[in-house]
Amino acid sequence: MLARVMTTIGEIQAAVTQARQAGKTIGFVPTMGALHEGHAALVRAARAASDFVIVSIFVNPTQFGPKEDFAKYPRTLEADQKISTDAGADLIFAPSVAEMYPERSVTFVEVKELDAELCGSRRPGHFRGVCTVVLKLFNIVRPDKAHFGAKDFQQARIIHQMVRDLNVSVEVRVEPTVREPDGLAMSSRNRYLSSTERAVAPAIYKALRAIRSRAVAGEIDVARLESALNAELAAIPGSRIDYARVVDVDTLQPLPRLDRPAVAAVAVFLGTTRLIDNLIISD
């Protein structure tokens, strides 16, 4: 039987209350739908860690910029329901925009400093929208554990900070990036790629691995590492680099030298599709 879809806050809160009264722990996977194997892996991780698993499917308008793809973002609830069920979800929360943002909603959540680099500097207001909707979902679902993917490195770091700063009673777990056999990080936006773009997209991960190899071999000058990373990405046919940086894993600030844990993070356009990926290169 497919996991039941609930669309109202009252319904989902009643179901959570019932599960808690039965002594169950609550696992939660927040998504924007268009689910793929990467999401399924998150649901399986939640299933292994908790007694009762809820997946939210909500295309959140507040994290999209005015020229971004909110209107065309894929909405595939029927397929998402099957993927969620097969991976072990008990319930799906799929609210409307009006349910999540009632008229005259004027409160937002921001995590300063951590949103100033990488995607934050390229997509103003994006992480304000992410934090606001994630905190709302945490307050609605009240999970014990919430699962996020490592592909969205900056997002996961920001949510960790928000949970700590605001004393939210949830354990945030970051699960490994799930990749296609050729290395491309799984993403709902991969379906936008043309066949030609899809063929060259794995070179993004190849570039990250090349930079990690340089770091492992002893290169500690971040400027040289970033220069090499940009060159690798620029060589991908049809690519346009949004950013390619090596930053501190904790502060997300630029580094002069690899003298602490660092992550290489990139955003690359292939055609009109923006793909992000990252790799820890120093720990």
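Let me begin by describing the structure that accompanies this report. Since this is a predicted model, take the numbers as computed values, not measurements.

An order of 1-4-3-2-5-6 is seen for the six strands of this open sheet, with the pairing classed as parallel. Unpaired on one side and paired on the other, strand 1 (4–6) and strand 6 (171–175) mark the two borders of the sheet. When the angles between neighbouring strand axes are averaged without regard to direction, this sheet yields 25 degrees. Here strand 2 (residues 26–31) runs beside strand 5 (residues 145–149); their pairing, made up of two bridges, is parallel. Following the sheet pairing, G27 is matched in strand 5 by K145. Lying on the sheet, helix 6 (residues 126–141) is in contact with strand 2, strand 3 (52–57), strand 4 (91–93) and strand 5; it crosses strand 2 at an angle near 150 degrees.

Within the element layout of this structure, A14 appears in helix 1 (residues 9–21). Residue A14 is classed as partly exposed on the basis of its relative accessible area, which comes to 46%. C-alpha of A14 to C-alpha of V141: the two residues are 127 residues apart in sequence and 9.7 Å apart in space.

Despite not being glycine, A34 has its phi angle at roughly 50 degrees, a positive value. By secondary structure assignment, the location of A34 is in the loop between strand 2 and helix 2 (37–49). The phi angle at L118 is positive, at roughly 50 degrees, despite the residue not being glycine. Among the secondary structure elements, L118 is positioned in the loop between helix 4 (97–100) and helix 5 (119–122). Under the relative-accessibility criterion, L118 is labelled buried at 4%.

Turning our attention to the sheet that holds strand 8 (residues 262–270). Pairing within the open sheet is antiparallel, and its three strands lie in the order 7-8-9. Each edge of the open sheet is held by one strand with a lone partner, namely strand 7 (239–248) and strand 9 (273–282). The average undirected angle you get between the axes of adjacent strands in this sheet is 15 degrees. Across nine bridges, strand 7 lies against strand 8 in antiparallel orientation. Looking across to strand 8, one finds that A244 is bridged to V266. Relative to the sheet, helix 9 (residues 203–216) contacts strand 8 and strand 9, its axis offset from that of strand 9 by approximately 20 degrees. Strands in contact with helix 10 (residues 222–234) are strand 7, strand 8 and strand 9; relative to strand 7, the strand with the most contacts, it is inclined by about 155 degrees.

Thresholds, definitions, all that
- Residues numbered from 1 in each chain as written.
- Predicted model: local features only at pLDDT ≥ 70, side-chain atom pairs only at ≥ 80, totals over all residues.
- Heavy atoms only, no water.
- Pairing = 2+ DSSP bridges.
- Helix = DSSP H or I, 4+ residues; strand = E, 2+ residues; numbered from the N terminus.
- Axes fitted to C-alpha atoms, helices over the stretch in contact; angles between N-to-C directions.
- Contact = heavy atoms within 4.5 Å.
- Buried < 20%, exposed > 50% of the residue type's maximum accessible area, 1.4 Å probe, protein only.

Structural measurements only, silent on function.
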